[in-house]
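# Remarks on the overall topology
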Amino acid sequence: MMYYSLVDELFKLAILEDIGHGDITSEIVVPKDCVAFAEIICKENLVLAGIPFIKRFFTILSSYFNIQNGILSFDEYYSDGSFVEKGSIIAVLKGNARILLAGERIALNLLQRLSGIATFTKEFVERIKDLRVKILDTRKTSPGLRFMEKYAVRVGGGYNHRFALYDAVLIKDNHIKIAGSVKEAVLKAKSSYGYHKIEVEVKSIEELEEAIMAGADIVMLDNMDIEEMKKAVKIAKGRVLLEASGGVNLENVRQIALTGVDFISIGALTHSAKAVDISMKIKEVL
């Protein structure tokens, strides 16, 4: 599930950023060999995402400080994808108190961010759960955290669009501007990457018809209103898959889904998800 080498490098950068050569407050206040229990506590209802990453992070942090068995145990009470109610204990950690305190902020930042994305995604998914349409994410992610954030979307019940520029053909407005037309852009793509499905963004019914005639596989309806989308579905008639994109929110997502499109892509899943409230508290010192 995780790209361990990339995860480890990201965590090392996060440690350098937040901890550097050491947590000087804990070095003053906390005995070097102090062992403690800490609870990770849910402070609002949420869909949990990120526990495997957090467990890995504390392993990397212990190695960074060259403390063997820095974390002696990590007992999770909920797994990723679980709905967790406010006030619940998500996990209990036992380990070196300095490691627990040094890692608190980085671990919580990530857990809050990923759980926020999963929770927000779940809200969209619930609005259309009785329909066949799929909720997709986009590339509007935090630099370096894309694979974690797209993982959180899946945990929330959504689906991943292309991961990056290298794994799918998606012709957008700037490509079309340079190519000269929707038709020319699609034909160029098909002649060079015929083994890929070709997706193209259109802004009008006329461009949709042009994309279909040129042999596109998927057409993204960019910022079309509901009536335009209904017309697009009738025109497509199963000849291409249709993706609605632009201006999607919790209030209109069901109305968009009812037009009959196949996919709804939502950049807000990752760029506008609110971090949820999770805290860590030292409960016992041994």
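Scroll up a little and you will see the structure.
Residues numbered from 1 in each chain as written. Predicted model: local features only at pLDDT ≥ 70, side-chain atom pairs only at ≥ 80, totals over all residues. Heavy atoms only, no water.

## Describing the packing of aromatic side chains
Here is the rule we go by: Centre distance within 6.5 Å is the pairing criterion for rings of Phe, Tyr and Trp, where only the six-membered ring of Trp is used; planes under 30 degrees apart are then read as stacked, over 60 as edge-to-face, and the remainder as tilted. Per the convention used, a helix needs a DSSP run of H or I reaching at least four residues, while a strand needs a run of E reaching at least two, with both numbered from the N terminus. We call a residue buried when its accessible area falls under 20% of the maximum for its residue type, exposed when it is over 50%, and partly exposed in between, using a 1.4 Å probe and counting protein chains only.
Scanning the entire structure with this criterion turns up six aromatic pairs. Between Phe53 and Tyr151 the ring centres are 5.4 Å apart and the planes differ by 90°, which places this aromatic pair in the edge-to-face class. Of this pair, Phe53 sits in helix 3 (residues 51–64) while Tyr151 is found in helix 5 (residues 146–155), placing the two residues 98 residues apart along the sequence. This pair shows no difference in class: Phe53 is buried, exactly as Tyr151 is. For the ring pair Phe120 and Phe124, a centre distance of 5.1 Å and an interplane angle of 75° mean the geometry is edge-to-face.

## Points about the sheet that holds strand 3 (residues 71–76)
Test applied: If DSSP finds at least two bridges between two strands, the strands pair. What counts as an axis is a line fitted to C-alpha atoms, over the stretch in contact for a helix, and the angles between N-to-C directions run from 0 to 180 degrees. By definition in these notes, contact holds between two residues if any of their heavy atoms fall within 4.5 Å.
Reading across from one edge, 3-5-1-12 is the order of the four strands in this open sheet, with antiparallel pairing throughout. Strands with a single pairing partner mark the edges of an open sheet, and in this sheet they are strand 3 and strand 12 (278–285). Each strand of the sheet is rotated relative to its neighbour by a mean of 20°, with strand direction disregarded. Direction of pairing for strand 1 (residues 35–42) relative to strand 5 (residues 89–96): antiparallel, over a ladder of seven bridges. The partner of Ile41 across the bridge, within strand 5, is Ile89. Across the sheet, helix 3 lies against strand 3 and strand 5, angled at about 175° from strand 3, the strand it touches most. On the sheet, helix 4 (residues 97–127) packs against strand 1, strand 3, strand 5 and strand 12 and is oriented at approximately 155° with respect to strand 12.

## So, the packing of helix 7 (residues 182–192) against helix 8 (residues 205–214)
To be explicit about the condition: Here the word oblique covers every angle except those under 35 degrees (roughly parallel), over 145 (roughly antiparallel) and from 65 to 115 (roughly perpendicular). Left-handed is the label given to a crossing in which the near helix is rotated counterclockwise from the far helix by less than a right angle, and right-handed is the label when the rotation is clockwise.
Between helix 7 and helix 8, the shortest axis-to-axis distance is 9 Å and the interhelical angle comes to 25°. Looking at the two axes, helix 7 sits roughly parallel to helix 8. In the packing of helix 7 onto helix 8, the handedness of the crossing is right-handed. On the side of helix 7, the interface is formed by Val182, Lys183, Val186, Leu187 and Lys190, while helix 8 contributes Glu207, Glu210, Ala211 and Ala214.

## A few points about the sheet that holds strand 8 (residues 198–202)
Taken in spatial order, the six strands of this open sheet run 6-11-10-9-8-7, and their pairing is parallel. The open sheet terminates on both sides in strands that have one partner only, identified here as strand 6 (134–136) and strand 7 (169–171). Averaged over all pairs of adjacent strands, the angle between their axes in this sheet comes to 25°, without regard to strand direction. In this structure, strand 7 lies alongside strand 8, joined through three bridges in parallel fashion. The partner of Val169 across the bridge, within strand 8, is Ile198.

## Thoughts on a positive patch on the surface
The test is simple: For patch building, the residue pool is restricted to those with more than 30% relative accessible area and no salt bridge; the joining distance is 9 Å between like charges and 5 Å between nonpolar side chains (Val, Leu, Ile, Met, Phe, Trp, Tyr). Accessible areas in this description were obtained via Shrake-Rupley with a 1.4 Å probe; residue shielding takes into account the shown protein chains only. When a carboxyl oxygen of Asp or Glu lies within 4 Å of a side-chain nitrogen of Lys or Arg, that pair is called a salt bridge. In this tally, Asp and Glu contribute negative charge and Lys and Arg positive charge; neither His nor the terminal groups of the chain are included. To locate a charge, take atom NZ for lysine, CZ for arginine, CG for aspartate or CD for glutamate.
Residues Lys43, Lys86, Lys281 and Lys283 make up a contiguous surface patch of positive charge. Turning to its location among the elements, Lys281 is positioned in strand 12.

## What to know about a nonpolar patch on the surface
A contiguous nonpolar surface patch, about 300 Å² in accessible area, is contributed by Leu13, Leu16 and Tyr64. Residue position: Leu13 is located in helix 1 (residues 4–18). Judged by relative accessible area, which is 55%, Leu13 ranks as exposed.

## A word on helix 9 (residues 226–236)
Basically, it comes down to this: Polar contacts, as counted here, are pairs of nitrogen or oxygen atoms within 3.5 Å of one another; within protein the pair requires one atom able to donate a hydrogen and one able to accept it, and residues that are adjacent in sequence qualify only if both atoms are side-chain atoms.
The complete set of buried residues in helix 9 reads Ile226, Met229, Ala232, Ile235 and Ala236. Its side-chain oxygen 3.2 Å from the backbone nitrogen of Glu227, Asp225 forms the N-cap of helix 9. Following helix 9 by one or two positions, Lys237 has its phi on the positive side, about 45°.

## Section: the pairing of strand 10 (residues 241–245)
The cut-off we apply is this: Here the term right-handed applies to a crossover when the path leading from its first strand over the helix to its second strand runs clockwise, the strands being oriented away from the viewer.
Burial runs high along strand 10: four of the five residues are buried. Pairing of strand 9 (residues 218–222) with strand 10 involves five bridges; the strand directions are parallel. Within the sheet, the bridge partner assigned to Ile218 lies in strand 10 and is Leu241. Crossover handedness for the path strand 9 to helix 9 to strand 10: right-handed.

## Describing the packing of helix 4 against helix 5
Our working rule: Throughout, the ten residues Ala, Val, Leu, Ile, Met, Phe, Trp, Tyr, Cys and Pro are labelled nonpolar, Asp, Glu, Lys and Arg are labelled charged, and all others, Gly among them, are labelled polar.
Where helix 4 contacts helix 5, the two axes come as close as 7 Å, and the packing angle between them is 40°. By the angle between their directions, the pair helix 4 and helix 5 is classed as oblique. Helix 5 is crossed by helix 4, and the crossing has right-handed handedness. The residues of helix 5 that touch helix 4, namely those facing Leu110, Arg113, Leu114, Ile117, Ala118 and Thr121, are Met148, Glu149, Ala152, Val153 and Val155. For the contact of helix 4 with helix 5, the residue count by class is eight nonpolar, one polar and two charged.

## Topic: the nonpolar core
Convention followed: As used in this record, nonpolar core signifies buried Ala, Val, Leu, Ile, Met, Phe, Trp, Tyr and Cys residues forming a set joined through side-chain atoms within 4.5 Å.
With 93 residues, the main nonpolar core has Val200, Val219 and Ile264 as its most contacted residues. The leading source of residues in this core is helix 4, at 15 residues.

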